[in-house]
Amino acid sequence: MKWSPGPGAKVLGVALTDDDGWVVSAAGPAFGICPDCGRRTRNRHGWSNRSLQDLPVQGKTVTVKLRLSRRRCAHQKCERQTFTDRLPTIASPYARRTRRVSEIVALLGHSAGGRPGERLMRRLGMPGQRRHDPAAVEADAALVSCDATIRVVGIDDWSWRRSRRYGAMIVDLERRMVVDNLGDRSVASAARWLERHPSVEIVSRDRCGLYAQAAREGAPQARQVADRFHLMQNLRVAIEEQMSLGGRATGRALLPDKRIGSAQIDLLQDDPHVDARHRRRGRHAHRESRQAVFDTVHALNEEGLSCSEIARRTGYGRRSIAKWLTFETPPDRQKAALKPTSPLYLQACLAVCWRDGNRCGRHLFYDIKQRGYTGSFSNLERLLASWRRTERSVKDSASPAPIIPDQPPRDAVIPIRDPETGHVISPVVAAALCMKPRSMLTIAQARKVDALKQGSPEFALMRSLGMRFRGIFRSRDPGKLDSWIDDAVNSGLVAIERFARVLHRDIGAVRNAVELPWSNGQAEGRLKTIKRAMYGRAGAALLRARMLPLINNHHHTN
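Residues numbered from 1 in each chain as written. Predicted model: local features only at pLDDT ≥ 70, side-chain atom pairs only at ≥ 80, totals over all residues. Heavy atoms only, no water.

It is worth spelling out the overall build of the protein at this point. Helix and strand counts for the protein stand at 22 helices and 12 strands. Residues counted as buried form 42% of the 558 residues belonging to the protein. At a minimum sequence separation of 6, the contacts of the protein that also span at least 24 residues come to 62%. When the accessible area of the protein is evaluated, it comes to approximately 30,600 Å², of which 50% is carbon and sulfur surface. (Helix = DSSP H or I, 4+ residues; strand = E, 2+ residues; numbered from the N terminus. Buried < 20%, exposed > 50% of the residue type's maximum accessible area, 1.4 Å probe, protein only. Contact = heavy atoms within 4.5 Å. Areas by Shrake-Rupley, 256 points an atom, 1.4 Å probe, with all protein chains shown as cover.)

Written as structure tokens, this is what we have:
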């Protein structure tokens, strides 16, 4: 049998054990080399035995029983008196696996993870302890140093826990590989990383302002590039928001009347930068469209139609139809339970203090803090600001105008029905079709687009803007951006105007997105599969280790 664990080892015998595994007996070289002075010697001081796991044979485990000599250095001035024969081509010092097995273990641990890698190694005839594999992967990651010059990077965030805690991933877009994984997505962390890499010339990012600020602080010499996918997505969301002014044909429950009447207060708590009047229009139109569908369902039921037939005619689910028929009015949306982080949690206490004349925000903040409020002062100030505006409006006008107008707003989009099914085309579908070129539409989708353009001049205008926006990126001509932004601002559509103004604030990165070929697509979705496979064990060090490239030189001790 011609087989050897590596150069420098002499096979003495091969035996099959009772547990169905191979044991290879081998001896070390006849002479040794001192690791300090480098002199050769044959003076044997004793023996040292090592047991190494090697590659399997015919699916059976192989254990190498290696007998090495412990030698005495012959050089009198050498500080090392004795040493053991070392075989660096076979195994590292103190290792329990040969180097070729360690490379496979590292590759499986890096690609499959601990427990899946353990099962696969056992099936291949290389059983091992799972707890050692992640440690080996992390040890390799600690040895990785990004010495290569990085010119183009993409930065994107990923979630430890959605809406709670986030990290940041940095990708070398030229080499198509992850270069680092940050534990948070703060401006300071990203800026420090960019400062350590002064060779960065281009930073690709999404529309998040954190990374824009980090690039300005850490790499002021670099050109920022806005991600093209997010630009298109933001325009589609703006179109959907504008189409929602005509009502939504969805199955969601409605807000109660008192919620719509106090929509301004709720809006100011959610997002102070959104126009309150615009949001109230959308809610009012949504409620009116749902009321019309609700009346239609009951009218069809009075005609004697079954729930399945009503569902076919209206486009709603059969279970939703059956549930709606049990109500006399459209069901209200259940309001979520208040939390101590919201000032409405202590609204009764605030109202009493407000009526007693205590209008100072700091004083009220201190009082409710003593009663269990855990939110911020700015959150409380948004609520108090809405109360102050309500008082001023009552004082300025003896008969204030109603919050919700009776007539639909000028820029409201009239709901359009599908010419084939007769169902109302939802804003989500309309926004998606608005951004899709004619050549990519199916026959049914083209008919929907024609119906929307014919029945809604606003949709025709938004489609024209959407196609022009796509054409700017296709033609790589940033000179057309200024005229497009001017036309969008003067379109008279609230959501499109807001999108254009925000786009103008980041005009430098948008121009670079038109001119340069880089985008953030390589950074999207890289961590999801790995994080879900290691659910509960995906620590920052292990996630970083599995995302970074696997190095060739391994120094595993297990």
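Next comes the rest of the account.
The next point concerns the packing of aromatic side chains. According to the stated counting rule, one finds 8 aromatic pairs in the structure shown. Relative to Phe499, the ring of Phe469 lies with its centre 5.9 Å away and its plane at 80°, an arrangement referred to as edge-to-face. One end of the pair, Phe469, is in helix α17 (residues 457–475); the other, Phe499, is in helix α19 (residues 494–505), and 30 residues separate them in sequence. Phe499 carries the same exposure label as Phe469, and that label is buried. On the numbers, 6.1 Å between centres and 90° between planes, the contact of Trp484 with Phe499 is edge-to-face. Of the two residues, Trp484 is situated in helix α18 (residues 481–489) and Phe499 in helix α19; the sequence distance between them amounts to 15 residues. The buried category is assigned to Trp484, whose relative accessible area is 0%. (Phe/Tyr/Trp six-rings, centres within 6.5 Å; stacked < 30°, edge-to-face > 60°.)

The next point concerns the side chain of Arg50. Mapped onto the elements, Arg50 comes out in strand β5 (residues 44–57). No salt bridge is formed by the buried Arg50; the nearest opposite charge belongs to Asp85, separated by 10 Å. One polar contact links the side chain of Arg50 to the main-chain carbonyl oxygen of Ser92, over a distance of 2.9 Å. If near-sequence neighbours (up to four positions away) are discounted, Arg50 is found in contact with Val64, Lys65, Leu66, Leu68, Ala91, Ser92, Pro93, Tyr94 and Ala95. (Lys, Arg positive; Asp, Glu negative; His and termini not counted. Salt bridge = Lys/Arg side-chain N within 4 Å of Asp/Glu carboxyl O. Polar contact = N/O pair within 3.5 Å; in protein donor to acceptor, adjacent residues only side chain to side chain.)

With that settled, consider the pattern of salt bridges. By the definition in use, this model includes 18 salt bridges. The residue Arg175 makes a salt bridge to Asp172 at a minimum N-O spacing of 2.7 Å. On the basis of relative accessible area, Asp172 is assigned to the buried category, the value being 1%. Taken together, the shared-partner salt bridges in this structure form one network comprising Arg151, Glu174 and Glu201.

Looking at chain direction, strand β1 (residues 10–16) and strand β2 (residues 22–27) are connected through 6 bridges and run antiparallel. By the bridge assignment, Lys10 is partnered in β2 with Ala27. Here β1 folds back onto β2, and the loop between the two strands holds 5 residues, one of which, Asp20, carries a positive phi near 60°. Where β2 and strand β6 (residues 60–72) come together, 6 bridges link them in parallel fashion. (Pairing = 2+ DSSP bridges.)

Bringing the environment of Ala238 into the picture now. Along the chain, the position of Ala238 falls in helix α6 (residues 228–243). Through-space distance from the C-alpha of Ala238 to that of Ile496 is 5.9 Å; in sequence the pair is 258 residues apart. Non-local contacts of Ala238, meaning those with residues more than four positions away in its chain, are made with Ala495, Ile496 and Phe499.

Taken together, the buried positions of helix α2 (residues 114–123) are occupied by Gly114, Gly117, Glu118 and Met121. Angularly, the buried residues of α2 cover 105° about the axis, an arc narrow enough to put them on a single face. Of the residues trailing α2, Gly125 is marked for its positive phi of about 90°. (Arc of directions from axis to C-beta.)

Let's shift gears to the packing of helix α16 (residues 443–455) against α17. The N-to-C vectors of α16 and α17 enclose an angle of 120°; their axes lie 5 Å apart at closest approach. Classified by the angle their axes make, α16 and α17 are oblique. Residues Val449, Leu452, Lys453 and Gly455 of α16 form the contact with α17, whose participating residues are Pro457, Phe459, Ala460 and Arg463. In terms of residue class, the contact of α16 with α17 is made up of 5 nonpolar, 1 polar and 2 charged. (Axes fitted to C-alpha atoms, helices over the stretch in contact; angles between N-to-C directions. Parallel < 35°, antiparallel > 145°, perpendicular 65-115°, else oblique. Nonpolar A, V, L, I, M, F, W, Y, C, P; charged D, E, K, R; others polar.)

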